[in-house]
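Fold and contact review
This is what each chain is made of:
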Amino acid sequence: MPQRHALVIGISQYRQTYWRNLVNACRDAEKVAQYLEKYGGYEVTRVPSQYIRPGSGEPGFYQVVDRDCEFENLVQEIRDFLINTDSSYELLIYFGGHGFLASRILSGQTVGYLAASNSDDKGQNAIPLDDFNCLLVERLRRSTTKLVVLLDCCYAGSVVEGTIERQSLQMIMTLPSQYPNFGILASCRRTQLAYESDVSGHGLFTEAILTAMNEYYAKAKVLTFAGLVHEVGLALRGTGQEAADSSSQGAAIDIVNNFPVNPRSKNNFINILGRLNYAQQKRKFQVFLDDANPRIGAFWLRGERDSAQKWLLSQLWVQNVPNSTKAIKKTLTMTTRQDTERILEKLARWLEVEATPEALIERILENCKTGETVALVLYQVECLDDETLEELIDTFWNPLVNAAQKTYQNHSLDNPLLLFMVDLGKKGDRPCLLNHSSDYDPEHPEQFVELVTQRFQARDFRWLTDHETELYPFLKNGSLEAIKKDMIDYNQKPNTKPEEVFTELCDHFGLDWYSDIARQFLAG
């Protein structure tokens, strides 16, 4: 079952006085994000967002916030999402904010735009819908997995949002049979406005989406795109607003499908599953935590594609990192277009400082002084070229380690400062390209320790019988000995990857590796 990723955008702040700020846009987007995570099993990227650290000691989380989202950042997020996300992932985009029409300077053609916080009504610093359309088509041509777009665009009083929606669909809707896994739903038609509810605080369109998702989930019914179109249409009847959709395209795409397994049982199984495989890598990491002084370390995780590198990191985090639920952690996914400057800018937005190594290091050390674990995680580092990797280490990580050593000594700190770089194997299993070793060297904390995910061995499946008492309650049919034999046989097939083994194993116990485990425990 493929992974599902959603990009949820809610822009409330606009600098031009002829556009009012949209108080509900960020609230609409955050609620949509929460429902997609809970009801659809999506891993959600929120824009604009802020990392929230509750004072109660609960784990931190990202939230859509009422702040500017500038054109450059908006373009980068949409491009990264549509172009660089793995072609096997199912995608959904939600946009809430201003849409508007403007005439092109040369042709005079009226064109629809999505507005960023710094856009103007002439189309400067705004996203043309035909450009957005081209990105959608490019994604659809290279991926057969599902893609859903939900547009809740409004512009104070006179924008013709149906035209925006229709223009965006023009190229795609001419080929409905070619893209059966694509669906787009927009908030209103060409002569209408989009309205907000005085009661709920949500836009009527988004409120209808949320209500449909909630009701179908409560009844444990799959909500398809066709079902969503129907429910939204009923909800908007008589409001003066009528949704526009992509006709017959995408009718069977499932929006709500993530019905819960008993959470306690699932969590217990996952705890047991965490003892399967990767014992050597966990020992190396634990040796670092036990012996390092100060506990400053960098780790390079690698392996072939689908070798469960994220699962290994998840288990290191849950089982080994002290007080991991209280940790201050930032995860970034690398793309081929990112250079050192872009990476530092993303870190700066998280830390709310200038995008200079000096400012970032100062703020990170302030976080270290709280006594909590501080960690940076970079996924898909295989997308970065050698020059960018070396520059990032030379200008940021090495100076951070040098400054941290002094800070840790002066303040008697013992909490870990960690850097994880994760190569997901999309370019093959490549050795670490930076200065590294197989074991931690306390004389060189800036040096990477390489942790390699490898294929399962037959002996690894002793796990099934070694944990017989704990696993028995989860057994659906057959015996643990029979499952052990099946798994050894399955693992011996040529080119079998660890994630395929996890998928097959979970199936024996009535769980789905992706929906029950990967989406919730490996995200971010």
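Residues numbered from 1 in each chain as written. Predicted model: local features only at pLDDT ≥ 70, side-chain atom pairs only at ≥ 80, totals over all residues. Heavy atoms only, no water.

The next point concerns the overall build of the protein. The helix and strand tally for the protein stands at 17 helices and 19 strands. Taking all 524 residues of the protein together, 55% fall into the buried category. For the protein, the share of sequence-separated contacts (at least 6 apart) that also reach a separation of at least 24 residues comes to 75%. Carbon and sulfur atoms provide 45% of the accessible area of the protein, an area that totals close to 22,700 Å². (Helix = DSSP H or I, 4+ residues; strand = E, 2+ residues; numbered from the N terminus. Buried < 20%, exposed > 50% of the residue type's maximum accessible area, 1.4 Å probe, protein only. Contact = heavy atoms within 4.5 Å. Areas by Shrake-Rupley, 256 points an atom, 1.4 Å probe, with all protein chains shown as cover.)

Let's shift gears to the sheet that holds strand β7 (residues 110–115). The strand order across the open sheet built from 3 strands is β6-β7-β8, with neighbouring strands paired in antiparallel fashion. Each edge of the sheet is formed by a strand with only one pairing partner; in this case those strands are β6 (99–103) and β8 (126–128). Strand-to-strand twist across the sheet, computed as the mean angle between neighbouring axes with direction ignored, equals 40°. Across 5 bridges, β6 lies against β7 in antiparallel orientation. If you follow Leu101 over to β7, its bridge partner there is Gly112. The sheet contacts of helix α2 (residues 71–84) involve β7 and β8, and relative to β8 the element is tilted by about 40°. This element, helix α3 (residues 129–142), spans β7 and β8 of the sheet and lies at about 65° to β8. (Pairing = 2+ DSSP bridges. Axes fitted to C-alpha atoms, helices over the stretch in contact; angles between N-to-C directions.)

Buried residues dominate strand β19 (residues 448–452), accounting for 5 of its 5 residues. Of the two faces of β19, the one carrying Phe448, Glu450 and Val452 and the one carrying Val449 and Leu451 are both buried. Pairing of strand β18 (residues 436–437) with β19 involves 2 bridges; the strand directions are parallel. Each residue of the ladder has a partner; that of Ser437, found in β19, is Val449.

So, on to the packing of aromatic side chains. According to the stated counting rule, one finds 20 aromatic pairs in the structure shown. When the ring of Phe100 is compared with that of Tyr113, the centres are 5.2 Å apart and the planes differ by 10°; the resulting orientation is stacked. You can see Phe100 sitting in strand β6 and its partner Tyr113 sitting in strand β7, a full 13 residues away along the chain. When sorted by exposure, Phe100 lands in the same class as Tyr113, which is buried. (Phe/Tyr/Trp six-rings, centres within 6.5 Å; stacked < 30°, edge-to-face > 60°.)

As a further point, take the side chain of Gln309. Examined against the element boundaries, Gln309 turns out to sit in helix α9 (residues 309–320). At 3.2 Å, the side chain of Gln309 and the backbone oxygen of Gly303 are in polar contact. There is a polar contact of 3.1 Å between the side chain of Gln309 and the backbone oxygen of Glu304. (Polar contact = N/O pair within 3.5 Å; in protein donor to acceptor, adjacent residues only side chain to side chain.)

Leu273, Leu464 and Phe509 are the most contacted members of the largest nonpolar core, which totals 51 residues. Ranked by residue count, the leading element in this core is α9, at 5 residues. If we ignore the near neighbours within four places in the chain, the residues touching Leu464 are Leu471, Leu480, Ile483, Lys484, Met487, Leu505 and Phe509. (Core = buried A, V, L, I, M, F, W, Y, C linked by side-chain atoms within 4.5 Å.)

On to the sheet that holds strand β14 (residues 296–302), then. Strand order in the open sheet made by the 6 strands is β15-β16-β17-β14-β19-β18, with parallel pairing throughout. Either end of the sheet is taken by a strand with one partner, and the two such strands are β15 (328–333) and β18. Pairing of β15 with strand β16 (residues 374–379), which is carried by 6 bridges, proceeds in the parallel orientation. Residue Ile328 lies in a different strand from β16, and its bridge partner there is Val374. Relative to β15, helix α10 (residues 340–351) is tilted by about 145°, and along the sheet it contacts β15 and β16.

Take helix α16 (residues 498–508) next. Every α-helical turn comprises 3.6 residues, leaving residues that sit three or four positions apart pointing alike. When we look at burial in α16, the residues that qualify are Pro498, Glu499, Val501, Phe502, Leu505, Cys506 and His508. Of the residues trailing α16, Gly510 is marked for its positive phi of about 75°.

Attention now goes to the environment of Thr453. Along the chain, the position of Thr453 falls in the loop between β19 and α13 (462–466). Taking C-alpha positions, Thr453 is 9.3 Å from Asn277, a pair spaced 176 residues apart along the chain. Setting aside residues no more than four positions away along its own chain, Thr453 makes contact with Tyr278, Gln281, Arg302, Gly303, Ser307, Ala308, Gln309 and Leu312.

Let's shift gears to the environment of His467. Looking at the secondary structure, you find His467 in the loop between α13 and α14 (468–471). A C-alpha to C-alpha distance of 9.5 Å links His467 and Arg275, two positions 192 residues apart in sequence. If sequence neighbours within four positions are ignored, His467 has contacts with Ile272 and Arg275. Within the structure, His467 has its side chain in polar contact with the backbone oxygen of Trp463 (distance 3.0 Å).

Applying the stated criterion to the full structure yields 19 salt bridges. Close ionic contact of Glu352 with Arg67 constitutes a salt bridge, the shortest N to O distance being 3.2 Å. Of this pair, Glu352 sits in the loop between α10 and α11 (357–368) while Arg67 sits in the loop between β4 (61–64) and α2, and the two are 285 residues apart along the sequence. For Glu352, a relative accessible area of 47% translates into the label partly exposed. Beyond isolated ion pairs, a larger network of salt bridges with shared partners links Arg4, Glu90, Lys146 and Asp254. (Salt bridge = Lys/Arg side-chain N within 4 Å of Asp/Glu carboxyl O.)

On to unusual backbone geometry. Omega for the bond connecting Val47 with Pro48 falls within 30 degrees of zero, at -15°, which places this linkage in the cis form. Along the chain, Pro48 falls in the loop between β2 (43–47) and β3 (49–52). Geometrically, the link from Asn293 to Pro294 is a cis peptide bond, its omega value of 5° lying close to zero. Along the polypeptide, Pro294 turns up in the loop between α8 (279–291) and β14. Phi at Tyr278 takes a positive value of approximately 60°, unusual for a residue other than glycine. A positive phi is found at Asn495, a non-glycine position, where the angle reads about 65°. Counting through the fold element by element, Asn495 comes out in the loop between α15 (480–491) and α16. Its relative accessible area of 63% is what places Asn495 among the exposed residues.

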